[in-house]
Amino acid sequence: MKRILIIAGHYGSGKTEYAVNLAVHAARTGSFGYKNTAVVDMDVVNPYFRSRERGGLLAGLGVKVYGSFYGGSVTAEIPELSAEVRAPLEDKDTFAIVDAGGNESGARILKQFAKYFTPEDAAMHIVVNASRPETRTVSGALRHIAAIESELGFRAEGLIGNTHLLRETTAADIQRGYGLCLAAGRAAGLPLVNICYPSGIVDGAGLAGIEAPLMPLDLYMRESWLDK
């Protein structure tokens, strides 16, 4: 695992949920060999479902969240990042998970930090959700991947399959998304890093035949009242 991991993807792909789950996993299992784990919330485009909204949860695990100038206040938002976001990118002892904004417009924000995203230190993984209209076909997914890479000027190193329908997700949805990501990955020359499924909603036993690392995701970002 490279020290800086950029998690990019389209709006609604679940990239923030993945980033938070990965940070929790890293903190609990040893930060992939690094001394610290940090989440860098660079999504200043979309005001919903920000990783910094789970700053308390992550802080309890020793994970610091960097992002907006306004810190944890989601009601006082302007598209401005705190100067502190450079700290984890510069700290060689910190595994830094960068939660990028959605689509290529969100990736554009990262360009001002390009000097940190060297091939030696950084990798970008792109989240694909086959339930989203923009990426429900292989051609759509490939266009999306190419747009993010072109905007950032940085080649992705892997795909994360995160096909879901929130609490209505079934094993068949995960299998469908796996097939799409497998085809898109082959066409783009990208490996599948993880195939995700919602923990407690989809039984991992129903995902036989998936030849990629499976990752259960807890729904940290989805407030239960939204599903009432």
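Here the structure is shown first, and the text comes after it.
Residues numbered from 1 in each chain as written. Predicted model: local features only at pLDDT ≥ 70, side-chain atom pairs only at ≥ 80, totals over all residues. Heavy atoms only, no water.

**Student:** Looking at this model, I keep getting lost on the overall build of the chain. Mind explaining?
**Tutor:** Looking only at helices and strands, the chain has six helices and eight strands in total. Order of helices (α) and strands (β) in the chain, N terminus to C terminus: β-α-β-α-β-α-β-α-β-α-β-α-β-β. Surface summary for the chain: the accessible area is close to 10100 Å², and the carbon and sulfur share equals 53%. (Helix = DSSP H or I, 4+ residues; strand = E, 2+ residues; numbered from the N terminus. Areas by Shrake-Rupley, 256 points an atom, 1.4 Å probe, with all protein chains shown as cover.)

**Student:** What exactly am I supposed to notice about helix H6 (residues 171-188) here?
**Tutor:** Every α-helix winds through 3.6 residues per turn, so residues three or four apart in the chain are directed the same way. Counted at 1.5 Å a residue, the expected span for H6 with its 18 residues is 26 Å, and the 25 Å between its end C-alpha atoms agrees. Of all the positions in H6, only Asp173, Ile174, Gly177, Tyr178, Leu180, Cys181, Ala184, Gly185 and Ala188 are classed as buried. Check the buried side of H6 and you find it contacts strand S5 (122-128), helix H5 (138-152), strand S6 (158-161) and strand S7 (192-198). At the exit of H6 stands Gly189, carrying a positive phi of roughly 70°. (Expected span 1.5 Å × (residues − 1). Buried < 20%, exposed > 50% of the residue type's maximum accessible area, 1.4 Å probe, protein only. Contact = heavy atoms within 4.5 Å.)

**Student:** Quick question: what am I supposed to make of the side chain of Lys15 here?
**Tutor:** Along the chain, Lys15 turns up in helix H1 (residues 15-29). At 2.5 Å, the side chain of Lys15 and the backbone oxygen of Ala100 are in polar contact. (Polar contact = N/O pair within 3.5 Å; in protein donor to acceptor, adjacent residues only side chain to side chain.)

**Student:** Teacher, can you tell me more about the nonpolar core here?
**Tutor:** Looking at soluble globular proteins, one finds that nonpolar side chains tend to be buried together. Counting residues in each nonpolar core, the largest one holds 43 residues, and the members touching the most others are Ile6, Leu89, Phe117, Met124 and Ile126. Mapped onto this core, the elements with two or more residues apiece are strand S1 (4-9), strand S2 (36-41), strand S4 (94-102), S5, H5, H6 and S7. Per-element accounting of this core gives the leading share, six residues, to H6. Not counting residues within four places of it along the chain, the set of residues in contact with Met124 comprises Ile6, Ala8, Ile148, Glu149, Leu152, Phe154, Arg155, Ala156, Glu157 and Gly158. (Core = buried A, V, L, I, M, F, W, Y, C linked by side-chain atoms within 4.5 Å.)

**Student:** Teacher, can you tell me more about the packing of H5 against H6 here?
**Tutor:** Between two packed helices, what matters for the description is the angle formed by their axes and the separation of those axes. Interhelical geometry of H5 versus H6 gives an angle of 50° and a closest axis separation of 9 Å. With respect to each other, H5 and H6 are oriented oblique. Note on packing geometry: the crossing formed by H5 with H6 is right-handed. Contacts between H5 and H6 involve Val138, Ala141 and Leu142 from the former and Leu180, Ala183, Ala184, Ala187 and Ala188 from the latter. (Axes fitted to C-alpha atoms, helices over the stretch in contact; angles between N-to-C directions. Parallel < 35°, antiparallel > 145°, perpendicular 65-115°, else oblique. Left-handed = near helix turned anticlockwise from the far one by under 90°.)

**Student:** I tried to follow the environment of Val138 on my own but got confused; where do I start?
**Tutor:** Relative to the helices and strands, Val138 resides in helix H5. A residue is classified by how much of its surface remains accessible, and Val138, at 30% relative accessible area, is partly exposed. Sequence spacing of Val138 and Gly185 is 47 residues, and the spatial spacing of their C-alpha atoms is 9.2 Å.

**Student:** Can you walk me through the pattern of salt bridges in this structure?
**Tutor:** Pairing of side chains with opposite charge becomes possible as their charged atoms draw close. The full count for this structure, using the stated rule, is seven salt bridges. Of the charged contacts, one joins Lys92 and Asp121 as a salt bridge, the two residues approaching to 2.7 Å between their closest N and O atoms. Taken together, the residues span a long stretch of sequence, with Lys92 in the loop between helix H3 (86-90) and S4 and Asp121 in the loop between helix H4 (103-107) and S5 at a distance of 29 residues. When the shortest N-O distance is used, the salt bridge between Arg132 and Glu134 registers 4.0 Å. (Salt bridge = Lys/Arg side-chain N within 4 Å of Asp/Glu carboxyl O.)

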